[in-house]
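So you can see what is in the structure, the chains are spelled out below.
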Amino acid sequence: VRRHLQRYILHGMAGLQLRSGWKAGSPRLSRKRLAAVSRLKAVGASNREIARQLDVDESSIRELLNRWIDSQTEAQQLLLPELPQPSVRSALMHDEKSDPEYPRRPSDNPAASDDRPLRTLDKDPTNRWMDRLLARIGLLEDADPLFRSGERIPHAGVLLAVPALVQSGIFEVATEVYDDLAPAFYGLRTTMLVLPLISLLRLKRPEHLKEHSPPDLGGIFGLDRAPEVKTLRRKLERLANARQSERFGRLLAKRRVAARGRVMGFLYLDGHVRVYHGKHRLPKTHVAQMRLLLPATTDYWINDRRGDPLFVVTAEANAGLAKMLPILTREIRTLVGPKRRVTIVFDRGGWSPKLFKCLIGDRFDVLTYRKKPMRPIPRKTFVLHSGRIERRRVEYNLNDRKVRLMKGKLRLRQVTRLSKDGTHQTAILTSRFDLPALHVAFRMFERWRQENFFKYMDEEFPIDALVEYAVEPADPDRMVPNPVRRKLNNRIQEAQAGLAELQQAYGAAALANPEGKRSTMRGFKIAHGKEGMAIRAIQKRIAALRAKKRTVPALVSVSQAHPGEVIKLANERKHLMNIIKMVAYQAESDLLALVRPKYARADQEGRTLIQNALGTTAELRVEDGKLHVILEPLSSPHRTRAIEALCEALNGTAVCFPGTDFRMHYAIRHAE
């Protein structure tokens, strides 16, 4: 008070304003440098040497170490010089015999980083102040899960997805790709657990976290509080800055192929357009649903035979499917190996006989619709084919024949389906001569699975939503259609339309010409001289425009076509979230596969059943080295029995909760 009074006497009200400079009491070093200070001090470096390497004042290092020592003294006398590395792993080691409450991690737990004991000094699961303190001073990389027992915990049913997430390998792959997220309470393992689980809870954006209680959600993850919106966005930003999302997705896809290689014989390839409504100028593409050209970004998804996603690639400047097919097939080849022959199924956007020949030479089979017009096939040549494929009864009227393209250089097989009313013929081209015609048609028409996947992901896991609004530079030398040439084409079309109208009027006048008055064509031309002059003027203008069009190049660089900065939407964070949502969808599909034998309507409402089970309340109980998840009954007995069968199947996996050795055990609460 005296200091403020003295400032007021000397400088008036201006003296009471906040002073410039570093805020008193605030640390002079950022979190990124805390680990470096601890590492250098652990190997015996002096304060002056640490200050020189970090380019700060020696007093800042001394003050930091004093605060560290004070805080660690309170934290059960953990002295900094005793730490061999800047990690809580060695600081919190203790004997399991002296503390049996925290059992050792088994070495066969894929989600555990090592086989050391659980590392936490907190005893109260609802108050993790010690771990938060250690994370704040840079000594904790990830908070270990610490569960509290409780009844009717909201949304605890989402833990049904934990075995599927562990088996997907997301925790191992994330550790291999990203290593860690630097010292933090919410580390890499926690982030990779939270993101898929909140997606399965239909929290479609990080902002939706604020609509739920952080302590309630935190209890599901083994934390006192779930990460909030800003925290989760910072984690995503840090992961995106590593620019490893493509490698992350590729390694996950390899594990998926290794585990489910039998469904990779047929792969569906298609593009999904994400319309952009912002202020930046982006390349336009055709949006089929709206039948318009709009600014957008095109993602190409590869799905397996069942329709489950395998990986996704974002096209540069909305490149077409024919241009993207070589890129996609190279990715597929790295996943399935050099010898395996795969049939890729796509629509007419990938039509290119030359490309088909190259793909067949690269040990790929093609299955697509025929694009070029063809003569109708006589109806009497169609034969009814019927049978059961994948537990379904299918029936088509088919015509099977061999065709040649590229002047006979490319030999393919054409299977044509006749519609039930006999009015439409759909031609399918393939290089698979070994398949029955019924199977060829079935696999082609099963493309609806991928379309349904896009619709489902857009509604339930909004893959069209922007994760960030940032932009990044694009290739300024990319060739695009010349806008000058497009304008000339428009002017030529307008002139041709006017010419057609004049010629139509001139012809109508010639038809109605009274021969008794003008018996010769010369007389007719003299009488309609103005119309003739107008027609000839338009013809000259069209000829001049065509001559000018021949001098204009068809393609120019994008920097010439659109002066100014050439940009595109930042893709790293969006691609990472697409992979996370893809893993969540795969986990949901795996749960559906387990429940299908016990639920008759699994194909019609199986995903709705799984979604309801994931969102139900449950009791959590930790005992006998197990994490018991006891779910409340569902809305009807037959749905409850289906989820009970799912629980029994998941118990057989013997999966531990990520970061612990608590084995997951599931059950349904029955009325006593």
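The structure reproduced in this document is the subject of the present report.

Cut-offs and rules
- Residues numbered from 1 in each chain as written.
- Predicted model: local features only at pLDDT ≥ 70, side-chain atom pairs only at ≥ 80, totals over all residues.
- Heavy atoms only, no water.
- Helix = DSSP H or I, 4+ residues; strand = E, 2+ residues; numbered from the N terminus.
- Contact = heavy atoms within 4.5 Å.
- Areas by Shrake-Rupley, 256 points an atom, 1.4 Å probe, with all protein chains shown as cover.
- Axes fitted to C-alpha atoms, helices over the stretch in contact; angles between N-to-C directions.
- Parallel < 35°, antiparallel > 145°, perpendicular 65-115°, else oblique.
- Nonpolar A, V, L, I, M, F, W, Y, C, P; charged D, E, K, R; others polar.
- Buried < 20%, exposed > 50% of the residue type's maximum accessible area, 1.4 Å probe, protein only.
- Salt bridge = Lys/Arg side-chain N within 4 Å of Asp/Glu carboxyl O.
- Pairing = 2+ DSSP bridges.
- Patch = residues over 30% accessible without salt bridge, like charges linked within 9 Å, V, L, I, M, F, W, Y side chains within 5 Å.
- Lys, Arg positive; Asp, Glu negative; His and termini not counted.
- Charge placed at Lys NZ, Arg CZ, Asp CG, Glu CD.
- Expected span 1.5 Å × (residues − 1).

1. Topic: the overall build of the protein
Along its length, the protein carries 23 helices and 18 strands. Across the protein, contacts joining residues at least 24 apart in sequence account for 67% of those joining residues at least 6 apart. Only carbon and sulfur atoms are counted for the fraction: they give 50% of the accessible area of the protein, which is about 35,500 Å².

2. Describing the packing of helix α21 (residues 572-595) against helix α23 (residues 637-651)
Put simply, α21 and α23 touch, their axes get as near as 9 Å, and they point 110 degrees apart. Taken together, the axes of α21 and α23 lie roughly perpendicular to each other. For the pair α21 and α23, the contacting residues are L591, L594 and V595 in the first and A642, L646, A649 and L650 in the second. Here the residues of the contact of α21 with α23 sort into 7 nonpolar, no polar and no charged.

3. Considering the environment of R233
Looking at the element boundaries, R233 is found in helix α11 (residues 229-241). By relative accessible area, R233 is classed as partly exposed at 22%. In this structure the C-alpha to C-alpha distance between R233 and E207, which are 26 residues apart in sequence, comes to 9.3 Å. Excluding residues within four positions of it along the chain, R233 makes contact with E207, V467 and R573.

4. A few points about helix α1 (residues 2-11)
Within α1, only 0 of the 10 residues are buried, which leaves it mostly out in the open. Looking one or two places after α1, you find G12, whose phi comes out positive at around 75 degrees.

5. Quick notes on the pattern of salt bridges
One pass over the full model with this rule turns up 41 salt bridges. Linking E390 and R305 is a salt bridge whose minimum nitrogen-to-oxygen distance equals 3.9 Å. Of this pair, E390 sits in the loop between β8 (383-389) and β9 (392-405) while R305 sits in the loop between β4 (292-303) and β5 (309-314), and the two are 85 residues apart along the sequence. For E390, a relative accessible area of 31% corresponds to the partly exposed category. By relative accessible area, R305 is classed as partly exposed at 23%.

6. Digging into the sheet that holds strand β16 (residues 618-623)
Spatially, the 4 strands line up as an open sheet ordered β1-β16-β17-β18, and their pairing is mixed. Where the open sheet ends on each side, the last strands, each with one partner, are β1 (150-153) and β18 (663-668). Across the sheet, the mean angle separating the axes of adjacent strands is 25 degrees when strand polarity is ignored. Contacts from α23 reach β17 (626-631) and β18, with the element oriented near 160 degrees to β18.

7. As for unusual backbone geometry
A positive phi is found at H155, a non-glycine position, where the angle reads about 65 degrees. With respect to the secondary-structure elements, H155 resides in the loop between β1 and α7 (162-168). For H155, a relative accessible area of 25% translates into the label partly exposed. The backbone phi angle of D624 is positive, close to 55 degrees, even though this residue is not glycine. Turning to its location among the elements, D624 is positioned in the loop between β16 and β17. The class of D624 is exposed, set by a relative accessible area of 70%.

8. Observations regarding a positive patch on the surface
Taken together, the side chains of K354, K357, K407 and K409 define a basic patch exposed on the protein surface. With respect to the helices and strands, the residue K357 is situated in helix α14 (residues 353-361).

9. Concerning helix α16 (residues 448-460)
With 13 residues, α16 extends 18 Å from end C-alpha to end C-alpha; this agrees with the ideal 18 Å at 1.5 Å per step. Considered for burial, the residues of α16 that qualify are R449, Q450, F453, F454, Y456, M457 and E460.

10. Points about the environment of L236
Note on placement: L236 falls in helix α11. We classify L236 as buried; its relative accessible area is 1%. On a C-alpha basis, the gap between L236 and R573 in space is 6.7 Å, while along the polypeptide they are 337 residues apart. The contacts of L236, once residues within four sequence positions are left out, are L195, V467, R573, L576 and M577.

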